[in-house]
Amino acid sequence: MAIYPPAFYPVASSSMRVYYVEVALILLITVWFSTLADALAETQAKNTARSLRSLESEVQSKKNCDGGRCSKERVDSLDDATQGRLDLLEKNDIVPIDAEVTEGIGMVDESLLTGESTPVRKAPGDEVIGGSRVISDTLTARVTVNPEDTYISEMIRLVESSKRPRTPNEVAVTIVLIGLTAILQ
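Residues numbered from 1 in each chain as written. Predicted model: local features only at pLDDT ≥ 70, side-chain atom pairs only at ≥ 80, totals over all residues. Heavy atoms only, no water.

With that out of the way, let us pick up the overall build of the protein chain. Scanning the protein chain for helices and strands turns up four helices and nine strands. Taking all 185 residues of the protein chain together, the buried fraction comes to 30%. Across the protein chain, contacts joining residues at least 24 apart in sequence account for 60% of those joining residues at least 6 apart. Total accessible area computed for the protein chain in this model is approximately 11,800 Å², and 59% of it derives from carbon and sulfur atoms. (Helix = DSSP H or I, 4+ residues; strand = E, 2+ residues; numbered from the N terminus. Buried < 20%, exposed > 50% of the residue type's maximum accessible area, 1.4 Å probe, protein only. Contact = heavy atoms within 4.5 Å. Areas by Shrake-Rupley, 256 points an atom, 1.4 Å probe, with all protein chains shown as cover.)

Every α-helix winds through 3.6 residues per turn, so residues three or four apart in the chain are directed the same way. Among the residues making up helix 3 (residues 151-161), those that are buried are Ile152, Ser153 and Ile156. Viewed along the axis of helix 3, the buried residues span an arc of 100°, placing them on a single side of the element. Residues of helix 3 that are exposed and angled more than 90 degrees away from the buried face: Leu158 and Ser161. (Arc of directions from axis to C-beta.)

Moving on: unusual backbone geometry. Peptide bonds are, in most cases, trans, and in most cases residues other than glycine have a negative phi. Despite not being glycine, Asn92 has its phi angle at roughly 75°, a positive value. Along the polypeptide, Asn92 turns up in the loop between strand 3 (86-89) and strand 4 (99-103). Since its relative accessible area comes to 48%, Asn92 is described here as partly exposed. A positive phi is found at Asp137, a non-glycine position, where the angle reads about 65°.

A few words on the pattern of salt bridges. Summed over all chains, the structure comprises three salt bridges. Of the charged contacts in the structure, one is a salt bridge between Glu110 and Lys122, with a shortest N-O distance of 3.2 Å. One end of the pair, Glu110, is in the loop between strand 5 (106-109) and helix 2 (111-114); the other, Lys122, is in strand 6 (residues 120-122), with 12 residues separating them in the sequence. Both residues of the pair, Glu110 and Lys122, count as buried. For Arg157, the salt bridge is made with Glu154, and the minimal N-O distance between the two is 2.6 Å. Taken together, the residues Arg157 and Glu154, both in helix 3 and three residues apart, mark about one turn of the helix. Judged by relative accessible area, Arg157 falls into the partly exposed class, the value being 38%. (Salt bridge = Lys/Arg side-chain N within 4 Å of Asp/Glu carboxyl O.)

Moving on, we get to the side chain of Thr150. In this fold, Thr150 is placed in the loop between strand 9 (139-143) and helix 3. A distance of 2.9 Å separates polar atoms of two side chains, one belonging to Thr150 and the other to Ser153. (Polar contact = N/O pair within 3.5 Å; in protein donor to acceptor, adjacent residues only side chain to side chain.)

Further remarks concern the packing of aromatic side chains. Under the defined criterion, the tally for this structure stands at two aromatic pairs. An angle of 70° between the planes, with centres 4.9 Å apart, marks the rings of Trp32 and Phe33 as edge-to-face. (Phe/Tyr/Trp six-rings, centres within 6.5 Å; stacked < 30°, edge-to-face > 60°.)

This part covers the sheet that holds strand 6. Spatially, the three strands line up as an open sheet ordered 6-5-8, and their pairing is antiparallel. Each edge of the open sheet carries a strand with a single partner, namely strand 6 and strand 8 (133-134). Of the strand pairs in this sheet, strand 5 and strand 6 are connected by three bridges, and their pairing is antiparallel. By the bridge assignment for strand 6, Val108 is matched with Val120. (Pairing = 2+ DSSP bridges.)

Quick look at a nonpolar patch on the surface now. On the surface, a nonpolar cluster with roughly 800 Å² of combined accessible area is contributed by Val21, Leu25, Leu28, Ile29, Trp32, Phe33, Leu36 and Leu40. Along the chain, Trp32 turns up in helix 1 (residues 17-58). (Patch = residues over 30% accessible without salt bridge, like charges linked within 9 Å, V, L, I, M, F, W, Y side chains within 5 Å.)

Function-wise, these values are silent; they only describe arrangement.
Below, the structure written as structure tokens:
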């Protein structure tokens, strides 16, 4: 109707052409913003999953303990991590994989993963999350999960499989678009 009102003779009038153009522009801009908001939310979710994957792949075990001896030269990837393996975690080390502290007491910064701003005290029997950083002292931790079952892997799966619920504004825009479409037809 905005382009050629006479084509809709019984409903449209040529004198209302400016009105039809304005309504068409409002509808197009509304749909464009709705699509843009959806694309931005999807991009943000993909970026979150990508950053979690990079955190998971960058973390490696520098010190591996076998039979009571700890080797500082050995570097293992997370794919080699097996349940029951002991890792020596010193100050400023990043915990390579979810594990249970077996020896030592220290402070661990889990803020990157949990959002908790203060370091958490970890003692024998406590769980440490892969990707967190040891702030003080030395801990020996026994791996408790397989690489595909870590806390970070779970977060990645949740982010990738989540469907973002529509916001109240998106619902309102959809209702307005349906209403305007019905009125203008």
